[in-house]
Amino acid sequence: MQNSFVTDAINLKSYNLSESDKIVVMYSKEKGLIRGVAKGVKKTKSKLGARMDLLVANTLMLHKGRNLNTICQAEVVNSFYKTRQDMDKICYSMYVTEVVNNFGIEEDPCSEKVYNLLYSTLDTISRANSKVEILIAVIKFQLKMMIESGFSIEFDKCLCCHNNIENETMYFVPNLGGVVCAHCAGHIHHNKKQMPYKLRNFFKQMAINDFNDFGEYEQKANEKVCMVTFEVLKEYIMLKSPRKFNSTNILQEIPEG
């Protein structure tokens, strides 16, 4: 079929098109953000059915349309089923997919890297055994996604005086995209957050470590450190995002501990 193509894609969001059809927004391995019409998906006997639910990875066949693609076939690669049994996992997974939806583009040249990053994050969240493991996966995603999007954070040099920052307290300034030394921080009056060097080192290691890595930093991390790190990165990502976030409101309602 000349006007059809096959790709792996993860469902990010959907909205109704008619009584029986809906449009599904997906991030695909080859083409970045894509949208497809799932015809008849809301009917009980639909062949697509649960494959079009959010947080499902499929191998798809789509027919190219003038404005929208039509989803012809879908075969589940991973439903991340353990996520659906845990509210923390659901909420953080929805946040991750929203980040990809906000920063992803159609015909994305980094599509394979971003797809693999999203897939690994959702899979790690699904298999996590604790809130800390969930947060570590999300933190790694946040840092790596910002690198892929061209918004990597400077952790080594002061963005004002350009001197190296070693084992000393520094300040993270979201508007500048990184850290400043304690001396230069005195001249900055907009949003800044004090960051001990050990916390900075945690940020740097999480940006490097793979999702399967479980080294010294992952072992020593507690929920408080992870929540501080996640919130700092969430604020930075919201600042850089071309679109407004919805999932962050839900995250505020998750009880701690």
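Our subject is the structure that appears above.
Okay, so let's go over this structure. Because the structure is predicted, anything quoted here is derived from the model rather than measured. (Residues numbered from 1 in each chain as written. Predicted model: local features only at pLDDT ≥ 70, side-chain atom pairs only at ≥ 80, totals over all residues. Heavy atoms only, no water.)

## Focus on the overall build of the protein
Put simply, the rule is: In DSSP terms, a helix is any run of H or I states spanning at least four residues, a strand is any run of E spanning at least two, and both are numbered starting from the N terminus. To get the radius of gyration, use the C-alpha atoms; to get the globule rule, take the number of residues to the power 0.38 and multiply by 2.2 Å. Each residue's exposure class comes from its accessible area (1.4 Å probe, protein chains only) as a fraction of the maximum for that residue type: buried when under 20%, exposed when over 50%, partly exposed otherwise. The contact criterion used is simple: two residues touch if any of their non-hydrogen atoms lie within 4.5 Å.
Along its length, the protein carries 8 helices and 8 strands. Over its C-alpha trace the protein gives a radius of gyration of 20 Å, about what one expects of a compact globule, namely 18 Å for 257 residues. Residues classed as buried in the protein amount to 48% of the 257 residues present. In the protein, of all internal contacts separated by at least 6 residues, the share reaching a separation of at least 24 is 60%.

## Re the side chain of Asp21
In plain terms, the rule: The positive count covers Lys and Arg only, the negative count covers Asp and Glu only, and His and the chain ends enter neither. We define a salt bridge as a side-chain nitrogen of Lys or Arg found within 4 Å of a carboxyl oxygen belonging to Asp or Glu. Two N or O atoms form a polar contact when they lie within 3.5 Å of each other; inside protein one atom must be a possible hydrogen donor and the other a possible acceptor, and for residues adjacent in sequence the pair counts only when both atoms belong to side chains.
With respect to the helices and strands, the residue Asp21 is situated in the loop between β1 (4–16) and β2 (22–28). One buried charged residue, Asp21, remains without a salt bridge, the closest side chain of opposite sign being Lys39 at 6.2 Å. A distance of 3.2 Å separates a polar atom in the side chain of Asp21 from a polar atom in the side chain of Ser20. At 2.7 Å, the side chain of Asp21 forms a polar contact with the backbone nitrogen of Gly40. Leaving out residues up to four positions away in the same chain, Asp21 has contacts with Asn16, Val37, Ala38, Lys39, Gly40 and Lys42.

## A word on unusual backbone geometry
The phi dihedral of Leu55 falls on the positive side, at around 60°, and the residue is not glycine. Here Leu55 shows up in the loop between β3 (32–38) and β4 (57–63). What makes Leu55 buried here is its relative accessible area of 7%. Residue Phe80 is not a glycine yet carries a positive backbone phi of 45°. Counting through the fold element by element, Phe80 comes out in the loop between β5 (69–78) and α1 (87–103).

## Quick notes on the sheet that holds β5
Quick reminder of the rule: DSSP calls a pair of strands paired once it identifies at least 2 bridges connecting them. Only the stretch in contact is used when a helix axis is fitted, and all axes are lines through C-alpha atoms; the angle between N-to-C directions ranges over 0 to 180 degrees.
Spatially, 5 strands are ordered β1-β2-β3-β5-β4 in a closed barrel, and the strand pairing comes out mixed. Averaged over all adjacent pairs, the angle separating strand axes in this sheet is 50°, with direction ignored. The sheet contact formed by β4 and β5 spans 7 bridges and is antiparallel. Pairing of Leu62 across the sheet is with Ile71, part of β5. Together, β1, β2 and β3 form the strand contacts of α1, whose direction differs from that of β1 by roughly 110°.

## Let's talk about the sheet that holds strand β6 (residues 170–173)
Here we have 3 strands laid out as an open sheet, ordered β7-β6-β8, and antiparallel in their pairing. Because the sheet does not close on itself, it has two edges, and the strands there are β7 (178–181) and β8 (193–195). Across the sheet, the mean angle from the axis of one strand to that of its neighbour is 40°, orientation sign disregarded. Summarising the sheet, β6 and β8 pair through 3 bridges and their orientation is antiparallel. Its bridge partner being in β8, Met170 is matched across the sheet by Met195. Contacts from helix α5 (residues 197–208) reach β6 and β8, with the element oriented near 90° to β8.

## Points about the packing of α5 against helix α7 (residues 223–240)
What counts here: Should an angle fall under 35 degrees it is taken as roughly parallel, and over 145 as roughly antiparallel, whereas 65 to 115 is taken as roughly perpendicular and any remaining angle as oblique. Under this grouping Gly is polar, as are all residues other than the nonpolar Ala, Val, Leu, Ile, Met, Phe, Trp, Tyr, Cys and Pro and the charged Asp, Glu, Lys and Arg.
Running from amino to carboxyl end, α5 crosses α7 at an angle of 70°, the nearest separation of the two axes being 11 Å. What the angle tells us is that α5 and α7 run roughly perpendicular. Residues Leu199, Phe202 and Phe203 of α5 touch α7, and the partners they reach there are Val225, Cys226, Val228, Thr229, Val232 and Leu233. For the contact of α5 with α7, the residue count by class is 8 nonpolar, 1 polar and no charged.

## Considering α1
This is how the line gets drawn: One fewer than the residue count of a helix, multiplied by 1.5 Å, yields its expected span.
Its 17 residues place the ends of α1 25 Å apart at the C-alpha level, agreeing with the 24 Å of an ideal helix rising 1.5 Å per residue. Burial within α1 is extensive, with 14 of its 17 residues counted as buried. Looking at where α1 begins, the residue whose side-chain oxygen comes 2.9 Å from the main-chain nitrogen of Asp88 is Asp86.

## Quick word on the packing of aromatic side chains
Selection criterion: In this analysis, rings of Phe, Tyr and Trp, with Trp reduced to its six-membered ring, are considered paired at centre separations within 6.5 Å, and the interplanar angle assigns stacked below 30 degrees, edge-to-face beyond 60, and tilted for intermediate values. The criterion is that NZ of a Lys, or CZ of an Arg, lies within 6 Å of the ring centre and within 35 degrees of the ring normal, and then a charge sits over that ring.
Taken as a whole and judged by the stated rule, the model has 8 aromatic pairs. Ring geometry for Phe155 against Phe203: centres 5.3 Å apart, planes inclined by 45°, an arrangement best described as tilted. Residue Phe155 is found in the loop between α3 (131–148) and β6, and its partner Phe203 is found in helix α5; the two are separated by 48 residues along the sequence. Overall, Phe203 belongs to the buried group, its relative accessible area being 1%. Taken together, the ring pairs in this structure connect Tyr92, Tyr95, Phe230 and Phe245 into an aromatic cluster. Taking the ring centre of Phe5 as reference, the NZ or CZ of Lys31 above it sits at 4.9 Å.

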